[in-house]
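Breakdown of the fold
Next come the chains, spelled out residue by residue.
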Amino acid sequence: MSSIQPPTLSFEVFPPQSPADRAALLTTLDQLRGCHPAFVSVTYTNHQLDYEQATLGLAQTVQARVGCPVMVHLLAAYTSKTQVSRILADLESLGVTQILGLRGDLDPGQTPGADFPHASDLIRFIKARNPQFRLAGAGYPAGHPESPTREADLAHLQEKVAAGCDRVMTQVFYDNQQFDRFRADCAARDITVPILAGILPILSRQQALRVETDFGARLPQPLRTRLDRVWDDPVAFRAVGLDYAVEQINDLVAHGVAGIHLFTLNQASTVAAIYARTAALFEK
Ligand SMILES: NC(=O)C1=CN([C@@H]2O[C@H](COP(=O)(O)OP(=O)(O)OC[C@H]3O[C@@H](n4cnc5c(N)ncnc54)[C@H](O)[C@@H]3O)[C@@H](O)[C@H]2O)C=CC1
Ligand SMILES: Nc1nc(=O)c2c([nH]1)NC[C@@H]1CN(c3ccc(C(=O)N[C@@H](CCC(=O)O)C(=O)O)cc3)CN21
């Protein structure tokens, strides 16, 4: 008998911006309920939205509709200590116990605040104020685009873990060997917390271009070749992207990944397509 734990399966959703988007999201949440997620994460990537209303509002909806634990994203760069303290109190009253502590993307038109220059500063602050929260931090299999070296980036990740993260969630990636190297590098630095692999299926041409420019991911040549062949056929393109994500997940699980975190982009059809082909791999 193998005593190896099956990996966890978790999902990311984001606050909708229109009534039509909200309706689609609710369908997605109903779909997620049937996937028995270990948790669902709720982003805050749009600074135009009110955090309490958008992220905390959606956190409540997920709790009610999916019935699983929620992890909220909290961004350090534009948030003050006073705001974080208020948000932590709100999270406590909502029963949300998990936080992904990020610096977040910098907006060229907006000067970041001085309280939390890096994610580790936010994570340390939360742990000191409220140790019962479970914190996660972001990891970069390809290295963070702003980091001078991969080494520097790993040192910063180590700092986040020392500050109190009990899990690492990776940036999207398409090269599993890169992920395996990242895992080995983490282990060599005594980063022993579970590393959850962030998976974003490439379902459109726009997405293929975007993951490289915005997220610093590299598309390996075999994937490029497969996408190139269907470049002008959106339906076939989507099928290739889904196939690749399923292959990627299978291979990561075969290599003992701690968990898969699927970026759903709030699309029920994406969740359904991936889950139908991978459900047996995960803990229930
Ligand atoms: N993975 C995810 O789910 C999401 C990720 N993001 C990412 O958030 C990124 C930044 O957030 P985090 O990774 O949480 O930020 P971070 O603060 O850990 O790292 C940001 C950059 O600063 C560097 N850095 C970290 N600590 C440092 C220190 N003490 N001294 C000098 N440099 C240091 C890092 O190496 C990296 O280049 C964005 O660029 C974006 O990629 C944003 C939303 C969601
Ligand atoms: N640098 C960075 N910023 C992030 O916000 C971020 C990451 N990395 N990595 C992990 C996840 C992935 N995120 C993503 C991934 C894709 C889209 C995206 O393609 N959005 C579509 C709209 C989707 C829709 O509304 O259906 C877009 O065209 O912007 C958005 C956020 C957010 N997270």
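Just above, that's the structure.
Throughout, residues of each chain are indexed from 1 in the direction in which the sequence is written. Chains and ligands are labelled sequentially in the order written, the chains with letters from A and the ligands with numbers from 1. The predicted nature of this model means local features are confined to residues of pLDDT at least 70 and side-chain atom pairs, given and counted, to a pLDDT of 80 or more, with totals for whole chains, interfaces and linings taken over all residues. Remark: hydrogens and water are excluded; side-chain values derive from all non-hydrogen atoms of the structure.

What follows concerns the nonpolar core. Among soluble globular proteins, nonpolar side chains are generally buried collectively. For the purposes of this section, nonpolar cores are sets of buried Ala, Val, Leu, Ile, Met, Phe, Trp, Tyr and Cys residues that join through side-chain atoms within 4.5 Å. In this scheme, a residue with accessible area under 20% of its type's maximum is buried, one over 50% is exposed, and one in between is partly exposed, where area comes from a 1.4 Å probe on protein chains only. In terms of nonpolar packing, the biggest core is built from 75 residues, with Val62 and Ile260 touching the most fellow members. Throughout, a contact is declared for two residues whenever any of their heavy atoms are within 4.5 Å. If we skip the residues at most four places from it in the chain, Ile260 touches Thr8, Leu9, Ser10, Ala197, Ile199, Ile249, Leu252, Val253 and Phe282. One finds Tyr174, Leu200, Val230 and Phe237 within the second-largest nonpolar core, a separate group that totals 15 residues.

Further remarks concern the packing of helix H4 (residues 119-129) against helix H5 (residues 150-163). Packed helices, taken two at a time, are described by the angle between their axes plus the distance between the axes. It is the contact of H4 with H5, at a shortest axis distance of 8 Å, that shows an interaxial angle of 10 degrees. When the axis of H4 is compared with that of H5, the two are roughly parallel. Taking contact as the criterion, the partners of Ala119, Ser120, Ile123, Arg124 and Lys127 in H4 are, on H5, Glu159, Lys160 and Ala163. Helix axes are fitted only over the stretch in contact, all axes being lines through C-alpha atoms; the angle between N-to-C directions runs from 0 to 180 degrees. The secondary structure listing takes helices from DSSP runs of H or I that are at least 4 residues long and strands from runs of E that are at least 2 residues long, numbered from the N terminus. We call two directions roughly parallel when the angle between them is under 35 degrees, roughly antiparallel when it is over 145, roughly perpendicular when it lies between 65 and 115, and oblique otherwise.

Taken together, the buried positions of H4 are occupied by Ala119, Ser120, Asp121, Leu122, Ile123 and Ile126. Buried residues along H4 sit against strand E3 (70-75), helix H3 (81-94), strand E4 (98-102), strand E5 (134-139), H5 and strand E6 (165-170).

Surveying the vicinity of ligand 2 reveals 14 residues, the closest of which are Thr45, Asp105, Gln171, Gln207 and Arg210. Here a polar contact is taken to be a pair of N or O atoms separated by no more than 3.5 Å, where protein atoms must pair a possible hydrogen donor with a possible acceptor and residues adjacent in sequence count only if both atoms sit in side chains. A distance of 2.7 Å separates a nitrogen atom of ligand 2 from a polar side-chain atom of Asp105. Taking Arg210, its side chain carries an N or O atom lying 2.5 Å from an oxygen atom of ligand 2. Only the protein chains shown count as cover for residues, and all accessible areas are computed by the Shrake-Rupley method using a 1.4 Å probe. Alone, ligand 2 offers 660 Å² of accessible surface; in the complex the protein occludes 68% of this. Looking at the shell around ligand 2, the element that brings in the most residues is helix H7 (residues 205-215), giving five residues. Each residue receives one of three labels: charged for Asp, Glu, Lys and Arg, nonpolar for Ala, Val, Leu, Ile, Met, Phe, Trp, Tyr, Cys and Pro, and polar for the others, Gly being one of them. Looking at the shell around ligand 2 residue by residue, the class counts come to five nonpolar, five polar and four charged. Only heavy atoms are used to decide nearness, and a residue is near a molecule or strand if one of them lies within 4 Å of it.

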